[in-house]
Structures are given as structure tokens and as C-alpha cells.
Amino acid sequence: MLSSELADLAGVTVRTLRHYHQIGLLAEPPRTSADYRQYDVGHLVRVLRITRLTALGIPLSALPEVLDDPTAAEELLDQLDRQAAAEIERLTARRASIGVLRRAGAPPDLPPELSAWHAEPGPDVPEDMVRFEHEQLILIAHLLGEEGVTGLAALLEVSEGTSEAAAALTARFYALEDDTPDDEIEALIEEWVEQIRPLVTTTEGMSSLDPLGAALLDQLGARSLRPVQHRAVRALQQHLEQDQPDAHDA
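Let me sum up the structure you'll find in this document. (Residues numbered from 1 in each chain as written. Predicted model: local features only at pLDDT ≥ 70, side-chain atom pairs only at ≥ 80, totals over all residues. Heavy atoms only, no water.)

Let's talk about the packing of helix α1 (residues 3-10) against helix α3 (residues 41-55)
- The contact between α1 and α3 brings their axes to 10 Å, and the two run at 45°. With respect to α3, the axis of α1 lies oblique. For the pair α1 and α3, the sense of crossing is right-handed. Here L6, L9 and A10 of α1 lie close against α3, whose contacting residues are H43, L44, V47 and L48.
- By residue class, the composition of the contact of α1 with α3 is six nonpolar, one polar and no charged. (Axes fitted to C-alpha atoms, helices over the stretch in contact; angles between N-to-C directions. Helix = DSSP H or I, 4+ residues; strand = E, 2+ residues; numbered from the N terminus. Parallel < 35°, antiparallel > 145°, perpendicular 65-115°, else oblique. Left-handed = near helix turned anticlockwise from the far one by under 90°. Contact = heavy atoms within 4.5 Å. Nonpolar A, V, L, I, M, F, W, Y, C, P; charged D, E, K, R; others polar.)

A closer look at the pattern of salt bridges
- All chains considered together, the criterion is met by eight salt bridges.
- Here R234 makes a salt bridge to D218, at a shortest N to O gap of 2.7 Å. Placement of R234 in helix α10 (residues 227-242) and of D218 in helix α9 (residues 211-224) is noted, with a sequence separation of 16 residues between them.
- Among the residues examined, R234 registers a relative accessible area of 42% and is labelled partly exposed. (Salt bridge = Lys/Arg side-chain N within 4 Å of Asp/Glu carboxyl O. Buried < 20%, exposed > 50% of the residue type's maximum accessible area, 1.4 Å probe, protein only.)

Here we look at unusual backbone geometry
- With phi around 70°, D35 is a residue other than glycine that occupies positive phi space.
- Here D35 lies in the loop between α2 (14-22) and α3.

So, the packing of aromatic side chains
- Using the criterion set out here, one finds one aromatic pair in the structure.
- Each ring, one from F173 and one from W192, has its centre 5.1 Å from the other, and the planes form 50°; the classification is tilted. In this pair, F173 is assigned in helix α7 (residues 160-174) and W192 in helix α8 (residues 182-202), connecting sequence segments 19 residues apart.
- What makes W192 buried here is its relative accessible area of 14%. (Phe/Tyr/Trp six-rings, centres within 6.5 Å; stacked < 30°, edge-to-face > 60°.)

As C-alpha cells, then:
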């Protein structure tokens with residue numbers, strides 16, 4: 001049979017057959033007087049074995065040994081089974097993450113642990129603030145890593161009264177303008193610190209960011225916030241840094 005006939009029977013392409021020849025998986029058949037490759041049923045069986053083994057996940061580089069050594073095939077199947085089990089575990093975890101995001105209505109670029117932080121913005125929430133908070137969460141999650149994100153997610157487990165107080169403070173932060181009196185800004189920062197301090201200091205896994213991480217968050221704030229809002233965030237961060245043990249020991 002010709003290359004095209006073998007390819008049709010085996011369910012592969014002629015290009016695939018040529019590749020098998022090039023890497024030594026399939027012996028070159030004799031040629032006809034017109035210089036066409038002339039395959040027989042032995043070549044067909046060989047190609048069928050190759051396609052069956054590759055469908056199991058065996059790489060082409062391992063096939064020369066596996067095709068001719070049943071012991072090597074058994075050992076490789078054990079390895080493939082372990083890899084398949086690990087892949088199933090990864091896919092199961094991925095589906096679980098997708099489910100959390102879908103139930104929370106959260107965007108897919110947020111870690112599932114932080115999906116509860118995402119909420120549909122109300123009519124009074126400025127669009128730029130929605131974007132800033134979203135980008136801030138993405139950056140913080142990356143900077144903290146898995147353990148830190150778990151600690152940050154624990155901050156969500158607060159009482160209804162605390163949530164309401166946080167919403168009120170956030171609304172006041174949104175409303176800050178350059179002409180906002182200094183005493184109002186200071187009062188907001190003080191209340192903010194008092195609310196966040198116990199959560200940050202008692203939540204396991206919530207460690208301070210390194211200087212680079214803090215600088216990146218500061219750059220995000222400078223790019224996205226009004227100057228007065230950026231100053232307020234900086235003041236809040238400075239108050240919280242003073243509570244860190246290293247700050248007292250320095």
C-alpha cells in the first residue's frame with residue numbers, strides 16, 4: 001500500500017508517517033520502480049501500536065524501548081498512571097476554583113479565596129474605585145503568595161456590624177476630595193486604623209509585605225487614586241507598620 005493508503009487506514013497523516021521515519025519509529029519500506037514507498041500490513045500494525053501508545057500519553061521519545069520491551073512498557077504505565085492521577089487532582093481543584101468564582105459572581109482573574117471581596121458595585125461607587133480595588137486585590141494576592149492569601153481571606157470572616165462599619169468607612173474614603181478638611185481626613189484614618197489593626201495583628205499568615213511589594217502597591221495607588229486618597233492610604237499603612245514587631249525592635 002502507498003503512504004496515503006496507510007495513513008488513511010491508521011488514521012494519521014502522511015506527514016506523521018514521514019516524521020516516524022525521521023525519528024526511527026517506523027522502518028523505511030522498499031520503494032516501487034516509480035520510487036513510491038510500498039508499505040505492508042506489518043507497517044500498519046506498527047503505526048497502530050504507536051498511535052495507541054501515544055494516546056495513553058507515552059512520549060514519542062520513549063516509544064522505541066516500549067515497543068520492543070514489555071517490561072519497559074509496564075514500568076512506564078505505572079508512571080503514566082501516577083501522572084494521570086496528579087492531573088485529575090489538578091483538574092478537580094481547577095473545577096472547584098471555577099465553581100467558587102461562578103457562585104460568587106467574581107471575575108476569573110481573582111484567586112477563589114478572595115472572591116468574597118468582589119461584589120457588584122453599587123450606584124454610588126465610582127468606576128475608578130472599582131477598578132482600583134480589583135487591581136489591588138490581584139497585586140496583593142500575587143505578593144502575599146498562597147499562605148498570605150489564606151490569611152487575607154480570613155479577614156472576610158467578620159461580623160455583620162464590622163462589615164457595615166467597613167462599608168461606611170469605604171464610602172467616606174470614596175468621597176475624599178482635595179478640599180476635604182484635614183480634620184475629617186485624620187478622623188477617617190484613625191477610625192480606619194482602629195478597625196483594621198486587630199484583624200491584621202490576629203490573623204494567621206498576614207505578614208507585612210517586603211519593601212518591593214509595598215512600593216508596588218504604593219505605585220498602584222499613585223496611579224489610580226486621587227492625591228488626597230493616596231495620602232490617606234499611605235498614612236494608614238504607616239500606622240499599621242508601626243504596629244509590626246520589627247518596627248518596635250528597630
